[in-house]
Every structure is written in C-alpha cells, then in structure tokens.
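# Breakdown of the fold
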Amino acid sequence: MNIAQARLVGLFIRAFLYGIYITILAHCLRWIFYEDEGWKLRRRVNGMMLTITMLVFALTTASFGVWHQIALLVVRGQELGVTKLVNASDGLGRATTLIIDATLVYRCWVVYSMSCSAIYFPLFLLVSNIGLYISSFLYIPEFDARLIVTFYSFNIIINLYTIRKLHSFHRSYLTFELYRQALNSTLNGIALNLILIRVGQHRADGSNK
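Residues numbered from 1 in each chain as written. Predicted model: local features only at pLDDT ≥ 70, side-chain atom pairs only at ≥ 80, totals over all residues. Heavy atoms only, no water.

Okay, the overall build of the protein chain next. When its secondary structure is counted, the protein chain shows seven helices and zero strands. Ordering the α and β elements of the protein chain from the N terminus gives α-α-α-α-α-α-α. Here the protein chain, with 209 residues, has 43% of them falling under the buried criterion. The long-range share in the protein chain, meaning contacts at least 24 apart out of those at least 6 apart in sequence, stands at 71%. Carbon and sulfur atoms make up 67% of the accessible area of the protein chain, which totals about 11,900 Å². (Helix = DSSP H or I, 4+ residues; strand = E, 2+ residues; numbered from the N terminus. Buried < 20%, exposed > 50% of the residue type's maximum accessible area, 1.4 Å probe, protein only. Contact = heavy atoms within 4.5 Å. Areas by Shrake-Rupley, 256 points an atom, 1.4 Å probe, with all protein chains shown as cover.)

Take the packing of helix α2 (residues 47–75) against helix α3 (residues 82–111) next. Where α2 contacts α3, the axes come no closer than 9 Å and their chain directions differ by 160°. On the basis of their axis angle, the class for α2 and α3 is roughly antiparallel. Of the two elements, α2 crosses α3, and the hand of that crossing is left-handed. Partitioned by chemical class, the residues of the contact of α2 with α3 number 19 nonpolar, six polar and no charged. (Axes fitted to C-alpha atoms, helices over the stretch in contact; angles between N-to-C directions. Parallel < 35°, antiparallel > 145°, perpendicular 65-115°, else oblique. Left-handed = near helix turned anticlockwise from the far one by under 90°. Nonpolar A, V, L, I, M, F, W, Y, C, P; charged D, E, K, R; others polar.)

Moving on to the environment of I119. Among the secondary structure elements, I119 is positioned in the loop between α3 and α4 (120–135). Sequence spacing of I119 and V105 is 14 residues, and the spatial spacing of their C-alpha atoms is 6.4 Å. Leaving out residues up to four positions away in the same chain, I119 has contacts with V105, C108 and W109.

A separate point is the UniProt feature "transmembrane region" (unreviewed entry) in the protein chain. Mapped onto this numbering, the UniProt entry gives "transmembrane region" (unreviewed entry) at residues 12–33, 45–71, 91–112, 119–139 and 145–163. Along residues 12–33, the helical share is 100% and the strand share 0%, with 32 Å between the first and last C-alpha atoms. Counting secondary structure, residues 145–163 comes out at 100% helix and 0% strand; the distance between its end C-alpha atoms is 27 Å. (UniProt positions renumbered as here; feature names shortened; annotations may be inferred.)

Here the focus is the packing of aromatic side chains. Using the criterion set out here, one finds six aromatic pairs in the structure. Ring centres of Y21 and F57 lie 6.5 Å apart, and the angle between their planes is 15°; this geometry places the pair in the stacked category. Here Y21 is found in helix α1 (residues 3–33), whereas its partner F57 is found in helix α2, with 36 residues between them in sequence. Their ring planes at 45° and their centres at 6.1 Å tell us that Y106 and W109 sit as a pair that is tilted. One end of the pair is Y106 and the other is W109, both in helix α3 and three residues apart, which spans about a single turn. (Phe/Tyr/Trp six-rings, centres within 6.5 Å; stacked < 30°, edge-to-face > 60°.)

Turning to the nonpolar core, a few remarks are in order. Core analysis: the biggest nonpolar cluster contains 41 residues, and Y21, I52, V56, I70, F151, L192 and L196 have the highest contact counts within it. Mapped by element, the contributors of at least two residues to this core are α1, α2, α3, α4, α5 (141–170) and α7 (185–208). Examining the composition of this core, we find that 11 residues originate from one element, α2, more than from any other. Once residues within four sequence positions are removed from consideration, F151 is found in contact with R94, T97, L98, N129, L132 and Y133. (Core = buried A, V, L, I, M, F, W, Y, C linked by side-chain atoms within 4.5 Å.)

Moving on, we get to the environment of S63. Among the structural elements, S63 can be located in helix α2. A C-alpha to C-alpha distance of 6.0 Å links S63 and L92, two positions 29 residues apart in sequence.

Moving on, we get to α2. Two residues of an α-helix separated by three or four positions point the same way, owing to the 3.6 residues in each turn. The end-to-end C-alpha separation of α2 is 42 Å, in line with the 42 Å expected for 29 residues at 1.5 Å each. Taking the backbone nitrogen of M48 as reference, a side-chain oxygen 3.3 Å away marks N46 as the first, capping residue of α2. (Expected span 1.5 Å × (residues − 1). Polar contact = N/O pair within 3.5 Å; in protein donor to acceptor, adjacent residues only side chain to side chain.)

Next up, the structure:
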C-alpha cells in the first residue's frame, strides 16, 4: 500500500467514525437541551457545555472536510498542497484534543468542590501542551516528532489522571466508557459527547435517589 492508498483508507475510517460521532452528538444534545426525565426543554441550558460541544463539532467537521480534500487531491494526482492540508488537519486535531483535555480538567475541578489541589498536576500538563501546540507551528523539523510525541504523551496522562479522579468520585465505570485514542479528532469528539452524556446520566440518577 502506497501513501496515496493509505490516505484513502484513512478517509474511509474517518468517515465511518464521523458517522458514529454524529449519532452520539445527537444523543449528547438531548441531555443538554432537555430535562433529565422526559422530553421537556430545560429552562436554562448549560451554555459553556453547549459552546464546547459545538466548537468540537466545528473543529471535527472541519478536520474531516480537510481530509476529504486531501483524498480528492490524491485521486487526481495533485500532490502539491497535500502537506499543508495534512498539517492543517493535524492542527485542528490537536486543538480539539486541548479543548477536551481542558473540559476533563474543568470537570475534576467542579466535582471536587472547585478545589485547585485536585487539578494542579493535569493543569500543569495542559498548560505545557498549549505551549507545545503553539511551538508546533514553528515548523522546526528536527523537533517536530519530539513535540508530537510529548504532546500526546501529556494528553494520555491527563486523560488517565482526570478520568481516574472522576471514576473515584462517581463510583462508576467511566474509565471504560470514556477510553479513547488521542490521535484522532473524531474519536476525541466521540469521547467528549460520552463525557457529557455520562454527566447527564449521573445527574439524573442523583435526582432519582
């Protein structure tokens, strides 16, 4: 398999995952707009969660659109400009990763009664990743691979730390439900929607007790 075929296969996989993402997004929006029980619209919608959800949707859709354009160029044999599009897609994916990591850190802060001590470590890694994200646009070839590896290593640590914290707090199987691969922005979007759905379900369970 050559690089052109690999990119076409990659587009097919992304299209499949994007379909799953849209399905879960619809379920996620139900928990944002409607009451925990039934289909009555909420009087007050969590504006921040809605903004994050739609921002991730926009970035994920843009990334998918970029990959579609890459596939078209490859099929036509027009390799010129493909590298820039790949870099653009990578940038969108990392931006999505940062947003979702920030959401996880925020959730930890909220469930632990806004205790800063609960988020010092993941917050430090998140700020470091923001710095790495900015550095990635400097296009320093000899450091590029190291930046990418470090970025996603910090991302995985943030996920493991925050999900374990949330798992410990809620006494649920959140760890298994929210497991995701950091290298794909569509999977990031799916993970965020699962987080918000789980938060809504936990809130509903609490109100029924």
